Amino acid sequence: MPKKFTFATGKGRTNTLDLNRMRDENIKEQLSRYAFCLMASRAGFKIRNFNLDDGVDLGLEKTISYALNGDGWTYSFVEPVDIQLKATTESQVSVEGKFLKFDLKRKNFNDLIARKKLRRQGQKALNMLLVLMVMPDNPLDWLKVNPKDKSIHLESVFYWYQPPGFDFSENKNWQSIEVPLKNAVDLNFFQEFDTLFY
C-alpha cells in the first residue's frame, strides 16, 4: 500500500492523503497521556482512564500496599484527583517572567473553576487540575528511541495548573492562563501530592 495517495478535487486542484500517519494533534494527545501515566505509575499512583470527553482525561489515586501471610493488597486511601491533559508546542506558549502563558479553551478553564466553586461550597466534587505538556515545534524531536543505549527520550516539559481565582471566563472561545514555571512536573510532584491537593 502506498504511503501517500493523491487525488483530484476539481478545478485542477489535487489533495494528498497520508495513509500511514496520525494527525499531529492526536499524536501529541497520546504522547501526553502515556508519558504522564508513566511518571504517575513510577510514583506508585493508580490511574483511572475515561472514555467520555467530559473535560476529564485521567484520574489519579494515591495508593498504599501491604502484605499479610504472603498475600498482598493495594488500595486507594484518599479521594482521586481528576486530570485535564493538554499538549502543545513551544511556539504556542510564551514565557513572561516566572510564568508560562497559554491560551486554554474557555470550556476547559470554566471546568476547572466549577470544581473549585463546588469544593468551596462543601459539595462532594473531586479536585481537578490541568496538566500541560510543552513539546518542541519539530515533530521529529518529540520522541527518540535508542535501543543501543536502552533509552527512550521524550523531549517535553509538563506543568500543572489550577486557576488562582473563582471567576468564570466570559470570553467567547479562549482564556489566557499564566502557569507558574515552578509548577514543572517531575517525580517530586507526586511525592508532594498530599500537600498540594488535599
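Here is what the cut-offs are and how they apply
Residues numbered from 1 in each chain as written. Predicted model: local features only at pLDDT ≥ 70, side-chain atom pairs only at ≥ 80, totals over all residues. Heavy atoms only, no water. Salt bridge = Lys/Arg side-chain N within 4 Å of Asp/Glu carboxyl O. Helix = DSSP H or I, 4+ residues; strand = E, 2+ residues; numbered from the N terminus. Buried < 20%, exposed > 50% of the residue type's maximum accessible area, 1.4 Å probe, protein only. Expected span 1.5 Å × (residues − 1). Contact = heavy atoms within 4.5 Å. Pairing = 2+ DSSP bridges. Axes fitted to C-alpha atoms, helices over the stretch in contact; angles between N-to-C directions. Patch = residues over 30% accessible without salt bridge, like charges linked within 9 Å, V, L, I, M, F, W, Y side chains within 5 Å. Areas by Shrake-Rupley, 256 points an atom, 1.4 Å probe, with all protein chains shown as cover. Phe/Tyr/Trp six-rings, centres within 6.5 Å; stacked < 30°, edge-to-face > 60°. Lys NZ or Arg CZ within 6 Å of the ring centre and 35° of its normal.

**Student:** Honestly, the pattern of salt bridges in this entry has me stumped. Any pointers?
**Tutor:** Oppositely charged side chains can pair when the atoms bearing their charge come close. Summed over the entire model, instances satisfying the criterion amount to eight salt bridges. Its salt-bridge partner being D57, residue R33 comes within 3.9 Å of it at the nearest N-O pair. Of this pair, R33 sits in helix 1 (residues 24–42) while D57 sits in the loop between strand 3 (45–49) and strand 4 (58–68); the two residues are 24 residues apart in sequence, bridging distant segments of the chain. Neither R33 nor D57 differs from the other in exposure class; each is buried. Close ionic contact of R48 with E61 constitutes a salt bridge, the shortest N to O distance being 3.3 Å. Here E61 lies in strand 4 and R48 lies in strand 3, a separation of 13 residues in the sequence. Using a relative accessible area of 24% as the deciding quantity, one classes R48 as partly exposed. The structure contains a network of salt bridges with shared partners spanning R48, E61, D82 and R115.

**Student:** Is there a simple way to think about helix 2 (residues 106–120) in this case?
**Tutor:** A turn of α-helix holds 3.6 residues, and therefore any two residues three or four places apart point the same way. A rise of 1.5 Å per residue sets the reference length of helix 2, with its 15 residues, at 21 Å; its end C-alpha atoms lie 21 Å apart and thus fit the reference within 8%. Against the buried residues of helix 2 lie strand 6 (81–89), strand 8 (99–105), strand 9 (127–135), strand 12 (157–161) and strand 13 (174–180). G122 sits one or two residues past helix 2 and shows a positive phi near 85 degrees.

**Student:** Honestly, the sheet that holds strand 13 in this entry has me stumped. Any pointers?
**Tutor:** Note: strands within a sheet are paired through backbone hydrogen bonds, in either parallel or antiparallel orientation. Strand order in the open sheet formed by three strands is 7-8-13, with antiparallel pairing between adjacent strands. Taken across any chain shown, the strands that pair with only one partner, and hence form the sheet edges, are strand 7 (94–96) and strand 13. Each strand axis lies, on average, 40 degrees off the axis of its neighbour in the sheet, ignoring direction. As judged from the three bridges shared by strand 7 and strand 8, these two strands associate in the antiparallel manner. Its bridge partner lying in strand 8, V95 is registered against L100. Sheet strands touched by helix 2: strand 8 and strand 13. Its angle to strand 8, the strand with the most contacts, is close to 105 degrees.

**Student:** What exactly am I supposed to notice about a nonpolar patch on the surface here?
**Tutor:** A cluster of nonpolar side chains, contributed by Y66, L68 and W73, occupies part of the molecular surface with about 320 Å² of accessible area. Mapping Y66 onto the fold places it in strand 4. Under the relative-accessibility criterion, Y66 is labelled partly exposed at 43%.

**Student:** Whenever I open this one, the packing of aromatic side chains confuses me. Can you help?
**Tutor:** Both the distance between ring centres and the angle between the ring planes are used here to describe each pair of aromatic rings. Enumeration over the complete set of coordinates arrives at ten aromatic pairs. With 5.0 Å between their ring centres and 80 degrees between their planes, F189 and F190 make a pair best called edge-to-face. With respect to class, F189 is no different from F190; both count as buried. Ring centres of F193 and F197 lie 4.9 Å apart, and the angle between their planes is 65 degrees; this geometry places the pair in the edge-to-face category. With F193 and F197 both in helix 4 (residues 193–197) and four residues apart, the pair spans about one turn of that helix. Taking relative accessible area as the criterion, F197 reaches 2% and is therefore assigned buried. In this structure an aromatic cluster arises from ring pairing among F36, F45, F158, W160, F189, F190, F193 and F197. One cation-aromatic arrangement involves K116 over F166; the distance from NZ or CZ to the ring centre is 4.4 Å.

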